[in-house]
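Chain residues, written in single-letter form:
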Amino acid sequence: MSRFRLYPTAAQEVLLLEACGHARYVWNLALEQRNMWRRDRPHAPGYVAQARQLTEARREFDWLAAGSVTVQQQALRDHDQAWQNFFAGTHGRPTWRKRGQSEGFRIVGGEAQRVRRDNGRWSAVSVPKVGWVRFKRSRHLPDFKSYRVTRDRAGRWHIAFAAIPDPIPAPGTGEVVGVDRGVKVAAALSTGELSSPAGLRPQEAQRLLRLQRCLSRARKGSGRRERVKRQIARLRAREADRRKDWAEKASTGLARRFDVIGVEALNVRAMTRSARGTEATPGRNVRQKAGLNRGILAAGWGLLVARLEQKAPERVVRIYPAFTSQTCHACGHRAPENRKSQAVFRCVACGYQANADVNAARNIRDIAAGLAVTARGDRVKSARSVKREPQRKRVPTVA
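Everything in this summary refers to the structure shown in the same document.

### Thoughts on the sheet that holds strand β9 (residues 187-189)
Taking strand neighbours across the sheet as the criterion, the 5 strands line up as β10-β9-β8-β11-β12 in an open arrangement whose pairing is mixed. In this open sheet, the two edge strands, each paired with only one partner strand, are β10 (194-195) and β12 (316-319). When strand β11 (residues 260-264) meets β12, the two strands line up parallel, connected through 4 bridges. By the bridge assignment, V263 is partnered in β12 with R318.

Structure below.
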């Protein structure tokens, strides 16, 4: 996806919000029909049947007919594709779309190709029932066949042109790098480099805390509460933008500099699961675990590896992370006492001292180098090398 910032006028923003409402209404109505299916009932209607029902609904309701039929039909297509992805096991179950959280719609076909260039900085796209909406062209437009207009919680509009970029070619130097992910240091490389997303500044973090306290005191449904929520959303969006910018730059740099990239095989979703428990079996250290979860999510572990696998396919090696932080890179001695603190590693056997995250990254690099290329020069895809001659099987002894 190539995403650009959209700048609609006040009148165009009202029409865009109406289009988002129509797409959300059609999506939720189609989802409700699917959720009502039971084993003892007839099968739920598919896209063709729901498209016929949409035509009848547009004849009956003028407010629905006033919207773009392209937006509404595409919402049905997206809903049908979401269920196909769910049954294929590649995505989760489709959920409800909420106002203010899942605002957006998609345009495909010939209407999606109406894009003009106004000058060296600005372009405009023709949105059905809205008109020409300007967007800032910060880079070259890709070859696309559809686009999606979205609005985030901070009130910013974006347009994303659907195009899969080409992967970054390997440099061909044969270099391997290990990446250790942590909370204090988001990414530590085996070369000794340490990198983390910028996050919020101290003044911004203090302002966020004050706004959260104001939100807890505001009455639900009041204008003051909505105003505070928008201010909090702007700070959250600023933090997310900085984290995404860091992940994009870090992943691009790694894909361009190294042939093989070793990362830890971490289940981030399971690691950031709440420890609250249930009323029967309440969790322990819930507040401490919540703080750790916030630190992991703020470090962008999953985003960094996801972008690496997209930019450098088949060059990212996932390593089992057990004992990589307790093993000495110099002598191979493994002991919990080697990890003196969160940042200091000192081997009790040979006295080797280094940054704890860098030492773990070097262990990951060595394992990744062994898994990526064997002594026979082929990539390991199974336990047995394809270039190895077949060995004779030992005849079992008869008792």
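### Some words on the pattern of salt bridges
A complete count under the given rule lists 17 salt bridges for this structure. Measuring nitrogen to oxygen at the nearest pair gives 3.2 Å for the salt bridge that ties E204 to R201. Taking the relative accessible area as the measure of exposure, E204 reaches 10% and is therefore buried. The exposure class assigned to R201 is partly exposed, which follows from its relative accessible area of 48%. Connected through salt bridges with shared partners, the residues R201, E204, R238 and R242 form a single ionic network.

### Points about the packing of helix α6 (residues 223-257) against helix α8 (residues 286-299)
Between α6 and α8, the least distance of the axes is 9 Å, while the angle of their chain directions is 55°. Judged by the angle between their axes, α6 and α8 are oblique. For the pair α6 and α8, the contacting residues are E239, R243 and W246 in the first and L297, A298 and A299 in the second. When its residues are assigned to classes, the contact of α6 with α8 shows 4 nonpolar, no polar and 2 charged.

### Topic: helix α5 (residues 202-217)
The end-to-end C-alpha distance of α5, which contains 16 residues, comes to 23 Å, matching closely the 22 Å that a straight helix rising 1.5 Å per residue would cover. Of all the residues in α5, the buried ones are E204, L208 and L211. An end-on view of α5 places all buried positions within 65° of arc, on one side of the element. Residues P202, Q203, S216 and R217 are exposed on α5 and point more than 90 degrees away from its buried face. Tucked inside the fold, the buried residues of α5 contact α6.

### Things to note about the pairing of strand β1 (residues 2-7)
Of the strand pairs in this sheet, β1 and strand β7 (residues 157-161) are connected by 5 bridges, and their pairing is antiparallel. Opposite R3, over in β7, you have A160 as the bridge partner. Taken together, the 2 bridges between β1 and strand β5 (residues 131-136) define a ladder with antiparallel strand orientation. Within β5, the position partnered with Y7 by the bridge is R134.

### Examining a nonpolar patch on the surface
Where nonpolar side chains cluster on the molecular surface, the patch consists of Y25, L29, F61 and W63 and spans about 370 Å² of accessible area. Along the polypeptide, L29 turns up in helix α1 (residues 10-35). Looking at L29, the relative accessible area reads 38%, which means it is partly exposed.

### So, the packing of aromatic side chains
Per the counting criterion, the structure on display carries 11 aromatic pairs. Both rings, one in F4 and one in F161, keep their centres 5.8 Å apart while their planes meet at 70°; by these two values the pair is edge-to-face. Of this pair, F4 sits in strand β1 while F161 sits in strand β7, placing them 157 residues apart in sequence. For F161, a relative accessible area of 0% corresponds to the buried category. For the cation-ring pair, R116 lies above W132, with the distance from its terminal atom to the ring centre recorded as 4.6 Å. It is R334 that lies over the ring of F323; its NZ or CZ is 4.0 Å from the centre.

What counts and what doesn't
Residues numbered from 1 in each chain as written. Predicted model: local features only at pLDDT ≥ 70, side-chain atom pairs only at ≥ 80, totals over all residues. Heavy atoms only, no water. Pairing = 2+ DSSP bridges. Helix = DSSP H or I, 4+ residues; strand = E, 2+ residues; numbered from the N terminus. Salt bridge = Lys/Arg side-chain N within 4 Å of Asp/Glu carboxyl O. Buried < 20%, exposed > 50% of the residue type's maximum accessible area, 1.4 Å probe, protein only. Axes fitted to C-alpha atoms, helices over the stretch in contact; angles between N-to-C directions. Parallel < 35°, antiparallel > 145°, perpendicular 65-115°, else oblique. Contact = heavy atoms within 4.5 Å. Nonpolar A, V, L, I, M, F, W, Y, C, P; charged D, E, K, R; others polar. Expected span 1.5 Å × (residues − 1). Arc of directions from axis to C-beta. Patch = residues over 30% accessible without salt bridge, like charges linked within 9 Å, V, L, I, M, F, W, Y side chains within 5 Å. Areas by Shrake-Rupley, 256 points an atom, 1.4 Å probe, with all protein chains shown as cover. Phe/Tyr/Trp six-rings, centres within 6.5 Å; stacked < 30°, edge-to-face > 60°. Lys NZ or Arg CZ within 6 Å of the ring centre and 35° of its normal.

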